Each structure stands twice: as structure tokens, then as C-alpha cells.
Amino acid sequence: MSKIEIKVGSASCGIAAGANKMHEYLEEKLKGDSIDISKTGCIGMCFNEPLVEIKDDKGLYLYGGIDSEDKAQRLIDEHVEQNKPVEDFLVYSDVVETEDKDYIDKQERILLRNSGNIDPESIESYEKVGGYDGLKNVLEKMSADDVIGEVKEAGLRGRGGAGFPTHMKWNFTKIEDNYPKYVVCNADEGDPGAFMDRSVLEGDPHSLLEGMIIAGYAIGANEGYIYIRAEYPLAVKRLNIAIDDARKKGYLGKDIMGSGFDFDIYIREGAGAFVCGEETALLASIEGKRGSPIFKPPFPAQKGLWKQPTCINNVETLANVPRIFTDGAEAYSKLGTENSKGTKVFALAGKVKRGGLIEVPMGVTIKDIVYDIGGGIASGKEFKAVQIGGPSGGCIPASLQDTPVDYDSLTSLGAIMGSGGLLVTDEDTCMVDVAKFFLDFTAEESCGKCTFCRIGTHQMLEILDRITEGEGKEEDLDELEKLGGQISAGSLCGLGQTVPNPVLTTLKYFRNEYEAHVNEKRCPAKKCKELILYFIDEEKCTGCTRCKKVCPSDAIEGDKKEAHVIDTEKCIKCGLCISSCKFDAIEALSGEKELQKMNKGGER
Amino acid sequence: MSGKTMIKPAEMAKKLEEIVKDHGKMRGAAIPILQSIQEEFGFVPKQLIPRLSALTGISQSDIYSILTFYSQFRFEPLGENYIQVCHGTACHLAGAEEITNALKREFGIEEGETTSPDKKYTVEKVACIGCCSLAPVMNMNEETLGRLGPEKAVKGAKENAKGGES
């Protein structure tokens, strides 16, 4: 038998799909076979979770959807025992063609190269792939200025959202002549729909630590804090292990690798406040206060944590740093565009066929991401838009799908790179509802300090509620734009300033959809509850009574084997009947109320 | 952390002192201390706040301002089973609202409430669990269930419930 290595993708998403059980099963069955079975971070193909990778002397075989013991057993019987890859479950391989090959081949994994490859709970595993070599290079050969120069040459920009040049931020902190200084990692990934930072923390925690130590060296800090969402327990656990191991190995603590440089890292768990992703709010939270942002300047680089010079970067930015010092700035800056260097990780989700964690060079187009990597729209329906950058971001319509993904192009369209949530929508998505969703979130999360943000968001929300309930007026749309502009202008922090973006971009690109809600009292995507009716197609209904049984409001009538009817007065539009119908006989209608009333359902 | 906390006041006070001592030297320890209190008791018992203020020197109003600002903190114990339904963007598009509604209906949780009358279930919305490719998802007693529909969510909640089905 050839030498075989088995890896089970065990990030949160994999575990949610059942990876731990598969790992246990494989270990149990292969006990004593001297096969190396390890748990890794996210392999990236989240749409195929749970993932099991088998590497033998012929190549790499990635198996997807291994969610039962039978399937795991087949991998053992056929691949491990008889050396015959199991083609049925194969989703990617470097020796065999697979349908989903493009998903991996069209990516450039620089930041994520370790995630899914190494054991995140083993420092040796990180060292084996060149871990801490970047730090070694820095401490042995470089001055603080050299380090900042190298980061400048690499062209690294902050991956947290706005894309501020990293070397400038570092330099601003370095030139302050006031000690102690701090490095703070913003791991408060609060954007709904974004999980890149979590995957780095879960899959490759040492790369963040290494990046922070290098940053500390460059700016003259001896202490670092990681402010992390409490909702990421596995990430916290793995970071704690990584910090302990790094201390034991002498990468953290006093006199790191005999260089005379001291640096240590502490974890602070967030307590659930989206606004704490804003840097001044985050610092207030570490100091043990409410996370209210304060006016800048002074910037954190001048007066940050406990009024001391502080450099704040996000996870992805810092985790990119070791790459620059192992491969060199030149190699790093080869990828990307003139003003956006390197790669960007996105959490690709929504209506695409293949969703997951992807890493692409800056400058690829939205179309490349949706079609080549994402495999197009899962339902086969029309691609409508991508929502990029989370609640602070915007919607880019399918008509602009040739837009390259870089900081400046996105900003020019009213969106932002943001933290990297990339949500694909199809024609079943109501853009007014999407805008309302984000606004609902940000209105709830506003810290309340600025009047425009605190009250303006609620006023916008009231208008959107009205529109989605069919009570909208024509002047509402102008009012939304006006309020949006005022909230942006009248808010202190990045949260408030960007709150209106989802509304403003959908108004810009999907105004007709707003108008359909307002003028025709119709939701084109058939999502807004007040504007839709459920209807059973007599032709398709077999009278199986399934929908009638699940209906919580007794709104469905009809005898066995007879076509059923929905009493639209009683119907609460909970969707249970649609999801329970095996014959596709129940659908939502909008704007066809009159027609509907002619049916038996609504004539009351 | 289940809701069945029946700890005697004296014991509580002792625990509180230990927690404060543990975090003693940390700067800006208010939030970590409150997190440890919640970890210990499952919620932050209001009656501890005066003592906490005396022990740490942080004013009671500051403690309240923190507790009410951050969504993680709660003043009431959780139900026996803690369900967090993800309402992130992907889950929202995939029907998270229907799932929350179905669970609340099933367990008799009133509008505006999060815990069922029999204290068996607490159902809360969370912003994002980060399992977008399995949307819609929910966390239950530290296990994540994915690719849900309203029916599957209710069934999953009952199957994973502590102390058998309700």
C-alpha cells in the first residue's frame, strides 16, 4: 500500500455538516494502519461539505459530501485498501478532471494556502510549511524601516474595508514617540454573510500571530490584542492553543528568537456589538467601556488604546504579512492590479451553485467569480445582482458584471470591498427586501451616539416597511435618497456613514423594483408578504393533504385526492405548505390579486 | 449553560469574588468579568451588581451601561435548550424568518419573547454564524444544524433537545 495522507476539513462549516463524525469514523476504522489522518481548517469548497482529502503517491483527491458512514467506508474500501479513487464522490483532483475543477483552479490561494492544508492546532504543522520564516527574516536582517518599506513595496492595503495602505498606518504609529504602543487585530467580523476572518483564525491561526509580531516589531510595540467575536468559539479555542504554543517555542514573549525583541499577544472577546468593528469603538470596548466611536483625529495611531499609539489592522491584512516576508514584496505584488495588490478572500454565498471560501487575485471580474468559480446560478434562474461588502456595501447589478473587483472600481459604483461578503442574488430575490434586511440590521446595531444614525435609520426603515407593505408613496423614494445622504453626512463613524449604502445602491440600480412596490402594489420577486398571495395549482395538486396537515393556521381546505384550496384570509404566509409540497403545486402570486380573487380562495 | 440555576446567594457572592480576583490585574476588565459571570451562572444576576461595583470600583451605572449595550449579556436565565437561528444575509435569503417563526409557533413562544413558557426552549436570532454555504442554519446547544426548512428545524430542535422531546 502506498503512503496515504487523509485530511478532514474541520472548520465550523465542515463540523456543522458532520465533519467530526466522519473524522472519528475514519480514525476508528483505520486504527493501526499508520495512515496520517488529520483535521484541517476550511478546504474552501463549502458547498460540498463535509470534505475528505486523500493524498497518495499519484496525487490529491478531494471527496465531497462525505456525510455518512457508508460513504466514508467506501473511501476506505476502494481508495485506501485497493488504491482505486472513488469517482462518485470526487469533487477535485490534480490528476483527474472533475466538474467543479474551475472552482479551485480559477483561484489563487496565497492567504488561504495553509487553510485546509495544515493542522491548525499544531505549530509544527505550520513550521513545516515555512511558518515563522518570515519573522525569522525580519528579526535577523531587517530594521523597522526596512519592514515598513517592504510592506509598502508589496502594496498591501487594509482588507477590512476601505483599503487604507498598510505601510502608512504602520508608519504613522512608528513615528509617534510615546511608549508603550499597541498592535490590535480587529477580528470582530460582524458582517452578516462574511466568514473569511473566521476561516483564517480557524484554519491558520499562526499566520495572524506571525503578522502581528512583525507589525509590533515595525512600529515598536511590545503588546498585541486580538479583539474577536465571541460567536466564534472554535476560532477562540484555536487561537489560544496557537498563542500558548508560540510562547513555548519562543516566538512570543521575551527576547524572541534571541533578537532582544519582546512581544506578547492577548485575546479579548467581543460581547456582541457590530459597531465594535469600528476602530475607535473597538478600542473603547477593550478598555472596558461601551463601544461608542469617537471623533478622529486624533487617530488611533496617535492616541489609541489607553491613549497610546495603536496600530489596528484586520485579520486578513495581518495574516497576509508573513507572505510578504517569506516570498518577498516583489512576488507578492505580482498579483492584483496597479492599485490593488495581492488577493482578496471572499465568502461567496447566496444563489450560486458553488459557494464557499474563495481567494482571487484583485482585478478579476464579478462575472468570473459568479460563473467560473461559483458555477452560475443554482436554480438556473437569471443572475440579478451581487451584494458586496456587507451592510456597508452595495448591490451591483448583473449588467455591470464585467466590473473588476478592486478597491477603486467598487467604490466608483457605490459599493465597497468591505470585509468580503459576496452574496449572489437571482430573480427570486427582492432588492427592496435586501435593502430592508441590511437597514434593519444596522438600525438595530447603531450605537445611538449620532442623531442621524440613531433616528434616521429608523425613519428609513419605516419608509421601507411601508413600501414592502404596499403603502408606499411616490415621494418616498426621493425621501429615502435624501435621508440617506443626510445620515452619511451627519454621522461620526464608518458605520453611520455607510448605513444608507444598500438602500442607495438598490435605488440606483433597481429603482423599477421600488416603483413596482409603490405604484403597482406588486413585489416582482414575490417575497414581500403583504403583497403576495399563496395559490394552489389545481392541475398539479394531487390532494395528498400534506400541506393541509402542516398548515399552522388551518387555511388549507380540501378532501383527500381532491385539489386543495388556500383560504387567503386565514393564510399567514409562513411558507410551510410550499416547502412541504412534493408536487410543486403551491406558488406565490403578486399583483394578480384580482385574478386570484376569481379563484375559490379569496371570494369572501 | 442551562436555565436551572438554583445557586444560593452566599455561593454566588463567593463565585463573584473569585471571578473578580481572577481578572484582578487586567486593565479594562469590566467586560471579561461580566462575561465570566454570565459563563458561570448562565446570565448576569442583577442582585450581584452592587457587590461587583464595590469589588471593582466600577460604578453601578457603568456596569449597567455595559450590560445593556452589548447584546451578549442577559438578565434572565436561558431555557433548557438554547437555539440561535442565524439571520445572516445568506440565511435571510434562504428563509431564516420562516424558521424562527416555525420554532416560536411550535414551542409557544409569544411575540417579543424568546423563551417558551415551560422554559424548555429559548429561540433567539443571531446576526451570522458564518456557515453561509449551509444556509439556513441554526445553532442548538453548541451544535450547528444546516440546510434547514421550517419543518426540518422543528424536527431537529426536538431531536436534539435535552431531556427528551417536548
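One can find the structure itself at the top, above this paragraph.
Residues numbered from 1 in each chain as written. Chains lettered and ligands numbered in written order. Predicted model: local features only at pLDDT ≥ 70, side-chain atom pairs only at ≥ 80, totals over all residues. Heavy atoms only, no water.

**What to know about the overall build of chain A**
And then number 1: Secondary structure summary: chain A contains 25 helices and 18 strands in total.
And then number 2: Relative to the 2.2 N^0.38 estimate, which gives 25 Å for 604 residues, the radius of gyration of chain A is 26 Å and therefore close to what a compact globule would have.
And then number 3: Along the three orthogonal principal directions, the C-alpha set of chain A runs to about 85 × 65 × 40 Å.
And then number 4: Across the 604 residues of chain A, 61% fall into the buried class.
And then number 5: Here the contacts in chain A between residues at least 6 apart in sequence split such that 71% fall between residues at least 24 apart.
And then number 6: Accessible surface, chain A: about 23,500 Å² in total, of which carbon and sulfur atoms supply 46%. (Helix = DSSP H or I, 4+ residues; strand = E, 2+ residues; numbered from the N terminus. Rg over C-alpha atoms; globule rule 2.2 N^0.38 Å. Buried < 20%, exposed > 50% of the residue type's maximum accessible area, 1.4 Å probe, protein only. Contact = heavy atoms within 4.5 Å. Areas by Shrake-Rupley, 256 points an atom, 1.4 Å probe, with all protein chains shown as cover.)

**Describing the layout of surface pockets**
Residue and element names in this part refer to chain A.
And then number 1: The space that makes up the second largest pocket amounts to roughly 1,300 Å³.
And then number 2: Along the walls of the second largest pocket sit 46 residues, with G160, A162, G277, E278 and E279 positioned nearest its centre.
And then number 3: Listed by contribution, the elements that provide at least two residues to the lining of the second largest pocket are α8 (166–174), β9 (310–314) and α20 (494–498).
And then number 4: Among the elements that take part in the lining of the second largest pocket, β9 stands out by supplying 5 residues, more than any other.
And then number 5: A breakdown of the residues in the lining of the second largest pocket according to their chemical character gives 16 nonpolar, 20 polar and 10 charged. (1 Å grid on protein atoms, 1.4 Å probe; cavity = no way out; pocket = protein on both sides within 12 Å on 5 of 7 lines; lining within 4 Å. Points joined across faces, edges and corners; volume = space filled by probe spheres on them. Nonpolar A, V, L, I, M, F, W, Y, C, P; charged D, E, K, R; others polar.)

**Looking at the interface of chain B and chain A**
And then number 1: Facing the 36 residues of chain B at the interface are 56 residues of chain A.
And then number 2: Regarding the contact of chain B and chain A, the summed buried area is about 3,500 Å², with carbon and sulfur atoms giving 58% of it.
And then number 3: For the chain B face of the interface with chain A, the top three residues by lost area are B:F69, B:T89 and B:L93, together amounting to 18%.
And then number 4: The tally of links from chain B across to chain A stands at 3 salt bridges.
And then number 5: Between A:R546 and B:E151 there is a salt bridge, with its nearest N and O atoms 3.6 Å apart.
And then number 6: Counting across the chain B and chain A interface gives 16 residue pairs in polar contact (both at pLDDT 80 or more).
And then number 7: Every element with two or more residues in the side of chain B that touches chain A is listed here: α2 (30–41), α4 (60–69), α5 (89–93), α6 (96–107), β4 (143–145) and α7 (150–159) of chain B.
And then number 8: Here the side of chain B that touches chain A is built from residues that sort into 17 nonpolar, 13 polar and 6 charged. (Buried area = accessible area lost by both parts, 1.4 Å probe. Salt bridge = Lys/Arg side-chain N within 4 Å of Asp/Glu carboxyl O. Polar contact = N/O pair within 3.5 Å; in protein donor to acceptor, adjacent residues only side chain to side chain.)

**Brief notes about the packing of helix α6 (residues 133–141) of chain A against helix α13 (residues 315–327) of chain A**
Residues and elements named next belong to chain A.
And then number 1: Where α6 meets α13, the axes come as close as 7 Å, and the angle between the chain directions of the two elements is 65 degrees. The handedness of the crossing between α6 and α13 comes out as left-handed. Between α6, through D133, G134, N137 and V138, and α13, the contact on the second element is made entirely by P322, F325 and T326.
And then number 2: Of the residues assigned to the contact of α6 with α13, the class counts are 3 nonpolar, 3 polar and 1 charged. (Axes fitted to C-alpha atoms, helices over the stretch in contact; angles between N-to-C directions. Left-handed = near helix turned anticlockwise from the far one by under 90°.)

**A look at helix α22 (residues 511–519) of chain A**
And then number 1: Buried within α22(A) are the following residues: A:E513, A:Y514, A:A516, A:H517 and A:V518.
And then number 2: Where α22(A) is buried, its residues touch β12 (383–388), α17 (431–445), α18 (451–468), α19 (475–490) and α21 (501–509) of chain A.

**Focus on the nonpolar core**
And then number 1: Counting residues in each nonpolar core, the largest one holds 88 residues, and the members touching the most others are A:W170, A:I226 and A:F263.
And then number 2: In contact with A:I226, not counting residues within four places along its chain, are A:C185, A:A187, A:L208, A:L209, A:M212, A:L239, A:I265, A:Y266, A:I267 and A:R268.
And then number 3: Grouped together as the second largest cluster of nonpolar side chains are 64 residues, A:F274, A:L439, B:I33 and B:I37 included. (Core = buried A, V, L, I, M, F, W, Y, C linked by side-chain atoms within 4.5 Å.)

**Focus: a nonpolar patch on the surface**
And then number 1: Taken together, the side chains of A:F164, A:M168, A:F172 and A:I175 make up a nonpolar region of the molecular surface, amounting to roughly 370 Å² of accessible area.
And then number 2: Of note, A:I175 is situated in the loop between α8 and β6 (182–187). (Patch = residues over 30% accessible without salt bridge, like charges linked within 9 Å, V, L, I, M, F, W, Y side chains within 5 Å.)

**A closer look at the pattern of salt bridges**
Residue and element names in this part refer to chain A.
And then number 1: A full pass over the atoms with the stated rule returns 46 salt bridges over all chains.
And then number 2: We note a salt bridge from R74 to D88, for which the minimum N-O separation is 3.1 Å. Residue R74 is found in helix α3 (residues 69–81), and its partner D88 is found in the loop between α3 and β5 (90–93); the two are separated by 14 residues along the sequence.
And then number 3: One salt bridge connects K254 with D262, and the closest N-O pair in it is separated by 3.9 Å.

**Quick notes on the packing of aromatic side chains**
Residues and elements named next belong to chain A.
And then number 1: According to the stated counting rule, one finds 16 aromatic pairs over all chains in the structure shown.
And then number 2: An angle of 55 degrees between the planes, with centres 6.1 Å apart, marks the rings of Y182 and Y225 as tilted. With Y182 in strand β6 and Y225 in strand β7 (residues 223–228), this pair connects stretches of sequence that are 43 residues apart. Both residues of the pair, Y182 and Y225, count as buried.
And then number 3: Between Y217 and F261, the aromatic rings sit 5.4 Å apart at their centres with planes inclined by 80 degrees, giving edge-to-face as the arrangement. With Y217 in helix α10 (residues 205–219) and F261 in the loop between α11 (233–248) and β8 (264–269), the pair connects residues that are 44 residues apart, well separated along the chain. Summarising the burial analysis for this pair, Y217 and F261 share the class buried. (Phe/Tyr/Trp six-rings, centres within 6.5 Å; stacked < 30°, edge-to-face > 60°.)

**Details of the environment of A:G575**
Residues and elements named next belong to chain A.
And then number 1: Inspection of the secondary structure puts G575 in the loop between β17 (565–566) and α24 (576–580).
And then number 2: Taking the relative accessible area as the measure of exposure, G575 reaches 12% and is therefore buried.
And then number 3: In this structure the C-alpha to C-alpha distance between G575 and C547, which are 28 residues apart in sequence, comes to 10.0 Å.

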